[in-house]
Amino acid sequence: MQLTIPEFCSFSLKSKTQLLNKDGELLFERKVYDKYKVVFYRIYRFYVEMVIEMKNKKVLRIDPVINNQIVHMYIWKLQ
Amino acid sequence: MSKHHSFIDTVYQIACDATKKGIAHLYTEDASLSNNLITINKQKVVNFSSCSYLGLELDERLKAGAIKAIKEYGTQFSASRAYLSARHYAELECKLEELFGSPVVVAPTTTLGHISAIPVIVSDDDAIILDHQVHHSVQIAVNLVKHRGVRVEMIRHNRMDMLEDRVKKLREKHQRIWYMADGVYSMYGDFSPVNEVYELMEKYPEMHYYVDDAHGMSWTGKHGKGYALSQKPIHEKMVMATSFAKAFPTGGGALVFPNKQLAQRVLNCGGPMITSGPMQPGSLGAAIASANIHLSDEIYEMQQDLQENIKYTNLLLKKYELPNISPSDSPVFFIGVSLPKMGYNLIKRLMNEGYYTNIGIFPAVPMKNTGVRFTITRKHTFNQIEGMIEAMAYHFPKVLEEENFTEAKIYQAFKLPLPEEQKAETAVTALVNQSGMKLRHEKSIIYLHRKEWDALLGDRGTFDWNGMKFLEDSFTGNELPEENWEFDYIIIRDLTGKPVLATFLTTTLAKDDMLAPATISMQVEKMRQNSRYYLCSKTLCMGSLLTEGNHLYLDRSSPLWKDAMRLLFEKIAALQEEYGASVTNLRDFDPKDEDMDALLVDNGYFKVTMPENHLVENLDWNSKEEFIKKLSFNSRRHIKKRITRHEDKYEVEVIGQPANEVLNYLYQLYLNVKENSLELNTFTLPYKVFENIAKNPNWEMLVLKLKPEHDTRAIRKPVGFVFAYVGQDTYNPMLVGLDYQFNREYNCYRQCIYRVIMRAKELGLKKVRLGYSATIEKRKFGAKIIESAAYMQAKDNYSMEVLGTMNVLEHHQ
Ligand SMILES: Cc1ncc(COP(=O)(O)O)c(C=O)c1O
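Enquirer: I'd like a description of the sheet that holds strand β1 (residues 25-32) of chain A, backed by residues and values.
Expert: All names here are of chain A. Strand order in the open sheet formed by 4 strands is β1-β2-β3-β4, and the pairing between neighbours is antiparallel. Looking at strand neighbours, the two that pair on one side only are β1 and β4 (58-64), the edges of this open sheet. Strand-to-strand twist of the sheet, defined as the mean angle between neighbouring strand axes without regard to direction, takes the value 20 degrees. Bridge count between β1 and strand β2 (residues 36-43): 7 bridges; the pairing is antiparallel. Its bridge partner being in β2, Val32 is matched across the sheet by Tyr36.

Put into structure tokens, the structure is as follows:
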């Protein structure tokens, strides 16, 4: 069942991770300064970025990407 | 008549039914458990029935705590707590005081906690107001004080306006009034409105609060102290009971008090505190470990994880548009399906899909409010939750279709706004189309063919075509609401036009205590002096209040008989809705008819034993001597002593058109009897009925007078009468009136019965229906007892439970 962006955002990090594993599709991964990993997912009808601290594999945040330019950038990279 | 026995029978039957259908009284088959998967009947299923909401039951620390305590003290420290308790108790109580922030008494179970506390904290001159849905274990304990004469009342669920009204009234006489409720209700998972209750406690010094927060424990509040105490700190006029058998989850329970004195009093004097065994060391050790977790910050993480699962569940239920009866952030969910058969069907299907849920059924909820009750724990994954809800959403419409039910009817049963406008009538149309049967529904007998009606139902008593016409004339166009009935005639035919089922229904305002013991009706009648229609409900009844016997023609040889019954149920549901009837009563069934019983119970009816009916058959004697000779020795002696000895003192007359003042006098005699017959508590019949009987050639008025030498009043008047309906071959005495001044000496009532039998013989009839009550008397005349059962359905069981709270022994208070 599809969730909306506000519904998705109402969950905790732990739950968002669970939702991504269950309903999301991993599209792209990139590293930032070798310190963070940013993972780009498509879930329901939107996209999210998951930021992971590489040292301890801790998920720092999971947020929808609502800026279309960023989305396009990712998609462009994918192609 | 034993109402309680019927209740037990119904509960037994429902339990057997659910067991037979493979959804109750099950066992797990796993050698050990490591998560929320269990094996039932060789099938792995996800457990959606656990009340261990935080999933702590498999926590290694709790297991280790239990093992350690067992190693230290063995499996039981077997002594009454009044003498000696294992040291673990002291440790646990100390931790619990920190957890709850108040004095605590630990009990072996919550139920025993209630039984310990309520009789001690409630004094004889206190009053108790129960919430309609308060847990049964509280009611058990309240029953103990009821027998001490404590006044017990009930209000509708969470109705604070009603609570305030009753408190205002009761405070005139009672110094303390206890409102007893659950913190979190175990069926619908909704809450006690704690803040509003506190406001009332502030407003009324007499008001106290006893709250059972078994299902609120651990998953909410600081240190997991539960729902009630998460809303407000404990009030000085409050006692809280909770359970360690749910989310805590170690077994045992606790009572939390506002001060040490009260706690000590319950510990010293509470029955089970002295006489019941203590909690076992294993449970105590696990409880200490659980308390440690509750006292750490880890509990908040667990609570948060559970909340996430609850939020996800609520979201999905909404998206899938399932009838979530009471959405809240508690871990208990209830999806309404209305009828038991729908509940069984849906739960079975979920089980086949790999999800184990519970049925929420009578007596935990009213019959028509059956549902799928499931719980969410911290251990469920989103995958499991979505899987289960998706399966439910998939099967829900299939169940509706299979059982010929509509979603609209479910919402109506739960008094919830309809998601979309659907009429119950559509279900009737659907069923008719499907089976090819034809349903004829008329609102008056005049539209039905007299010959056919009489052929189907004419020989059963007073409801042949003429009898129905008489009833319609008498109970329409009157002033008072209870004197105006709705009449509905139903005939269902198969494709060839042959009737499979025929009956009539009446809808009228009736007293909810109609079948309750007379002592209870007495109490209710007292309340009715201020409020005429107190505990009265619009009741849809098979037959009517003024007809007796089996009112249902059903061709059991037809392969369609069950379908015809289902169609009748649908029609009844539609009528119920049209008239706003809150009770339906289908009566005069054979109590041993198992097929019918199963059909009725599956369709949301519960069985109630009816008062015994009496029939005198074989009027094949030729003289009264011969009649008496056929009776048993005891009866012969009785008849000689009480009846034939007085026979010559009477003049009996069958009168045609009596003068107005005579009819008026007979009405007075009827009122005498009416006042004395609270066993079957009905509204008084209007005088118009008497006028119509006088005009109707099918009715006879048998009037008994005493001869002048025995009735020395200036003007001799009747001392008794019987109005009887003369059927095809039956004599049906329906109304009796007596002058009690003469009854004792001249046995007028018995004389009436005797004369009725003689009159029936004189008319060449074959049977006499002597009606309900007075079994001993009627058996003396050779009457056969006809046992019958009624099946009831109530939109909610509030009235019945209010009556249940009344004390059978209490006469006048
Ligand atoms: C609200 C409530 N109170 C009390 C109890 C009974 O608890 P115990 O088994 O500890 O007696 C239950 C059990 O289900 C319950 O739900």
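There's plenty left to go through after this.
Enquirer: Residues and numbers for the pairing of strand β3 (residues 46-53) of chain A, please.
Expert: Residue and element names in this part refer to chain A. A large share of β3 lies buried, amounting to 8 of its 8 residues. Because side chains alternate across β3, one face comprises the buried residues Phe46, Val48, Met50 and Ile52, and the other comprises Tyr47, Glu49, Val51 and Glu53, equally buried. Examined bridge by bridge, β2 and β3 share 8 bridges and lie antiparallel to one another. Residue pairing across strands places Arg42 opposite Tyr47, the latter belonging to β3.

Enquirer: Got a sec to walk through the nonpolar core? Specific residues and values, please.
Expert: Residue and element names in this part refer to chain B. Counting 153 residues, the largest nonpolar core has Tyr179, Tyr209 and Met565 as its most contacted members. Top element by residues in this core is helix α14 (residues 382-402). It accounts for 10 residues. Look past the residues within four positions of Tyr209 in its chain and what remains in contact with it is Trp178, Tyr179, Ala181, Ser192, Val194, Val197, Tyr198, Met201, Lys237, Met238 and Val239. Within the second largest apolar cluster, 39 residues are counted, among which are Ala502, Tyr665, Ile693 and Met734.

Enquirer: Tell me about the site of the ligand, and name the residues and values.
Expert: Residue and element names in this part refer to chain B. In the vicinity of the ligand, the residues found are Thr109, Thr110, Thr111, His135, Ser137, Asp182, Ser186, Asp212, Ala214, His215, Ser243 and Lys246. Between the ligand and Lys246, the relevant distance is 2.7 Å, taken from an oxygen atom to a side-chain nitrogen or oxygen of the residue. In isolation the ligand has 400 Å² of accessible area, and contact with the protein removes 81% of it. In the shell around the ligand, the residues fall into 1 nonpolar, 8 polar and 3 charged.

Enquirer: Which residues make up the interface of chain A and chain B, and what are the values?
Expert: Chain A puts 14 residues into the contact, and the matching count from chain B is 13 residues. A per-residue breakdown of the area chain A buries against chain B is headed by Met1, Phe11 and Lys22 of chain A, which together make up 47% of the total. Inspection of the region where chain A meets chain B yields 3 salt bridges. Of the charged contacts in the structure, one is a salt bridge between Lys22 of chain A and Glu386 of chain B, with a shortest N-O distance of 2.2 Å. At the junction of chain A with chain B, the criterion picks out 10 residue pairs in polar contact (both at pLDDT 80 or more). Top element by residues in the side of chain A that touches chain B is helix α2 (residues 13-23) of chain A. It accounts for 6 residues. Along the lines of polarity and charge, the residues of the side of chain A that touches chain B split into 4 nonpolar, 6 polar and 4 charged.

The rules behind each value
Along each chain, the written sequence defines residue order, and numbers are assigned to residues from 1. By the order in which they are written, chains take letters starting at A while ligands take numbers starting at 1. Since the coordinates come from a predicted model, pLDDT governs what is reported: local features require at least 70, and pairs of side-chain atoms require 80 or more to be given and counted, while whole-chain, interface and lining totals use all residues. Computation of side-chain values: all heavy atoms of the structure, hydrogens and water removed. Two strands make a pair as long as DSSP finds a minimum of two bridges between them. Here a strand is any run of E in DSSP of at least two residues, a helix any run of H or I of at least four, and the numbering for each starts at the N terminus. Angles shown run from 0 to 180 degrees and are taken between the N-to-C directions of axes, each axis being a line fitted to C-alpha atoms and, for helices, limited to the stretch in contact. Accessible area is worked out with a 1.4 Å probe on protein chains only. A residue is then buried under 20% of its type maximum, exposed over 50%, and partly exposed in between. For the purposes of this section, nonpolar cores are sets of buried Ala, Val, Leu, Ile, Met, Phe, Trp, Tyr and Cys residues that join through side-chain atoms within 4.5 Å. The contact criterion used throughout is that any non-hydrogen atoms of two residues lie within 4.5 Å. The rule for a residue being near a molecule or strand is that one of its heavy atoms must lie within 4 Å of it. In protein, a polar contact means a hydrogen-donor-capable atom and an acceptor-capable atom, both N or O and within 3.5 Å, with residues adjacent in sequence counting only if both atoms are side-chain atoms; elsewhere, any N or O pair within 3.5 Å suffices. Only the protein chains shown count as cover for residues, with accessible areas throughout obtained via the Shrake-Rupley method and a probe of 1.4 Å. Residues were grouped as follows: Ala, Val, Leu, Ile, Met, Phe, Trp, Tyr, Cys and Pro as nonpolar; Asp, Glu, Lys and Arg as charged; and all remaining residues, including Gly, as polar. Here the quantity called buried area is the total loss of accessible area, with a 1.4 Å probe, experienced by two parts when brought into contact, counted for both. For this document, the term salt bridge refers to a Lys or Arg side-chain nitrogen within 4 Å of an Asp or Glu carboxyl oxygen.

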